[in-house]
Amino acid sequence: MAVIAGNWKMHHGPGATQQFFSSLVLPANAGAHEVLVFPTSLSLAAAVAARGRDPRVQLGIQNIHWEDKGAFTGEVSAAMAREAGAAFALVGHSERRHLFGETDDEVSRKIAAAKRHGLVPVVCVGETLDERRQGRVEEVVLRQLDAALPTLTGSDGRFLLAYEPVWAIGTGETATPDDAAAAHGTLRVRLDEALGPSRSSRVPILYGGSVKPDNARDLLAARDVDGVLVGGASLDAGSFAALVEAAA
Ligand code: PGA
């Protein structure tokens, strides 16, 4: 089973969301996989309504605040996301970390909030181009994972990881299957150490960064790559269905 997740970022308002779901024809193999869509929070209700009763598509929120409520203009809480129909929450996406200055500590607090309200966190880690050139991939992804692990493992409950090298996001530059396998292997070893192999094996590690229908198959075949987190190529219903099909 693979996880195919679409992160729509700041695309698709309620109308476009409705259109996406009305033209989405998932391939026959979709039921064998976990298919997730992360619309904008404003489009979540439209996605809930438009996906109808197709249980094959599950929905998530792209970002939450760590508090449950309060004077935090512009933010939404995990409880609200859950009430609106989200089952998953992206946490620590590199655009949040780099464009909005989100720290490892804030990522942990958001993970705690997601877990408190029954949202499954999808925690993103990944190095910048400079960090890769300096040979620091392992150090960076392990620092990000280690900061999150106490909160992730502090109580039971599911979580997912996503390895998203910053230089590959939205750039058309994709990590090779070998690059992905190397970083995923590093993360997997740490998960095995922290959780034991049996619980670790239930934590999928997704790859993200310029995944397209024509490279998804090779990436999904790479060692320790359990799914993909896709931005641009998830916006079109036909392309999204082709990504699910690539999971075979
Ligand atoms: P991309 O985005 O597929 O457009 O590179 C991936 C992501 O940021 O989740």
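One can find the structure itself at the top, above this paragraph.
Residues numbered from 1 in each chain as written. Predicted model: local features only at pLDDT ≥ 70, side-chain atom pairs only at ≥ 80, totals over all residues. Heavy atoms only, no water.

**As for the pattern of salt bridges**
Note that side chains of opposite charge can pair when their charged atoms are close. Tallying each qualifying case throughout the model produces 14 salt bridges. In this structure, the salt-bridge partner of Arg 143 is Asp 104, at a minimum N-O distance of 2.9 Å. Placement of Arg 143 in helix H7 (residues 137-153) and of Asp 104 in helix H5 (residues 104-116) is noted, with a sequence separation of 39 residues between them. Residue Arg 132 pairs with Glu 127 through a salt bridge whose shortest N-O separation is 2.8 Å. For Glu 127, a relative accessible area of 0% corresponds to the buried category. Through salt bridges with shared partners, one network takes in Arg 96, Glu 102 and Lys 110. (Salt bridge = Lys/Arg side-chain N within 4 Å of Asp/Glu carboxyl O. Helix = DSSP H or I, 4+ residues; strand = E, 2+ residues; numbered from the N terminus. Buried < 20%, exposed > 50% of the residue type's maximum accessible area, 1.4 Å probe, protein only.)

**Notes on the sheet that holds strand S7 (residues 205-208)**
Strand order in the closed barrel formed by eight strands is S1-S2-S3-S4-S5-S6-S7-S8, with parallel pairing between adjacent strands. Adjacent strand axes in the sheet meet at a mean angle of 25 degrees when their direction is disregarded. In the sheet, strand S6 (residues 160-163) pairs with S7 via three bridges, with the strands oriented parallel. Among the inter-strand pairings, Tyr 163 is bridged to a residue of S7, identified as Tyr 207. Lying over the sheet, H5 contacts strand S4 (88-91) and strand S5 (120-125), oriented at roughly 160 degrees with respect to S5. Relative to strand S1 (residues 3-7), helix H11 (residues 237-246) is tilted by about 160 degrees, and along the sheet it contacts S1, strand S2 (34-38) and strand S8 (227-230). (Pairing = 2+ DSSP bridges. Axes fitted to C-alpha atoms, helices over the stretch in contact; angles between N-to-C directions. Contact = heavy atoms within 4.5 Å.)

**Remarks on the site of the ligand**
Around the ligand sit 13 residues in total, of which Lys 9, His 93, Gly 170, Ser 210 and Gly 231 are the nearest. In the model, an oxygen atom of the ligand is placed 3.4 Å from a nitrogen or oxygen of the Asn 7 side chain. Between the ligand and the protein, one listed contact pairs an oxygen atom with a backbone N or O atom of Gly 170 at 2.6 Å. Across the complex, the protein chains shield 97% of the 290 Å² of accessible surface that the ligand would expose by itself. (Near = heavy atom within 4 Å. Polar contact = N/O pair within 3.5 Å; in protein donor to acceptor, adjacent residues only side chain to side chain. Areas by Shrake-Rupley, 256 points an atom, 1.4 Å probe, with all protein chains shown as cover.)

**Digging into the packing of H7 against helix H8 (residues 177-195)**
Following both chains from N to C, one finds H7 and H8 inclined at 30 degrees, their axes separated by 10 Å at the closest point. One way to sum up the angle between H7 and H8 is to call them roughly parallel. Considering only the axes of H7 and H8, their crossing is right-handed. Taking contact as the criterion, the partners of Glu 138, Val 141, Leu 142, Leu 145, Asp 146, Leu 149 and Thr 153 in H7 are, on H8, Thr 186, Leu 187, Arg 190, Leu 191, Ala 194 and Leu 195. Residue composition of the contact of H7 with H8, by class: eight nonpolar, two polar and three charged. (Parallel < 35°, antiparallel > 145°, perpendicular 65-115°, else oblique. Left-handed = near helix turned anticlockwise from the far one by under 90°. Nonpolar A, V, L, I, M, F, W, Y, C, P; charged D, E, K, R; others polar.)

**A look at the pairing of S4**
Moving residue by residue along a regular strand, the side chains alternate between the two faces of the sheet. Residues Phe 88 and Leu 90 point to one face of S4 and Ala 89 and Val 91 to the other, with burial holding for every one of them. In this view, the connection linking strand S3 (residues 57-61) to its parallel neighbour S4 by way of helix H3 (residues 78-83) has right-handed handedness. As judged from the four bridges shared by S4 and S5, these two strands associate in the parallel manner. Paired with Phe 88 across the bridge in S5 is Val 120. (Right-handed = clockwise from strand over helix to strand, strands pointing away.)

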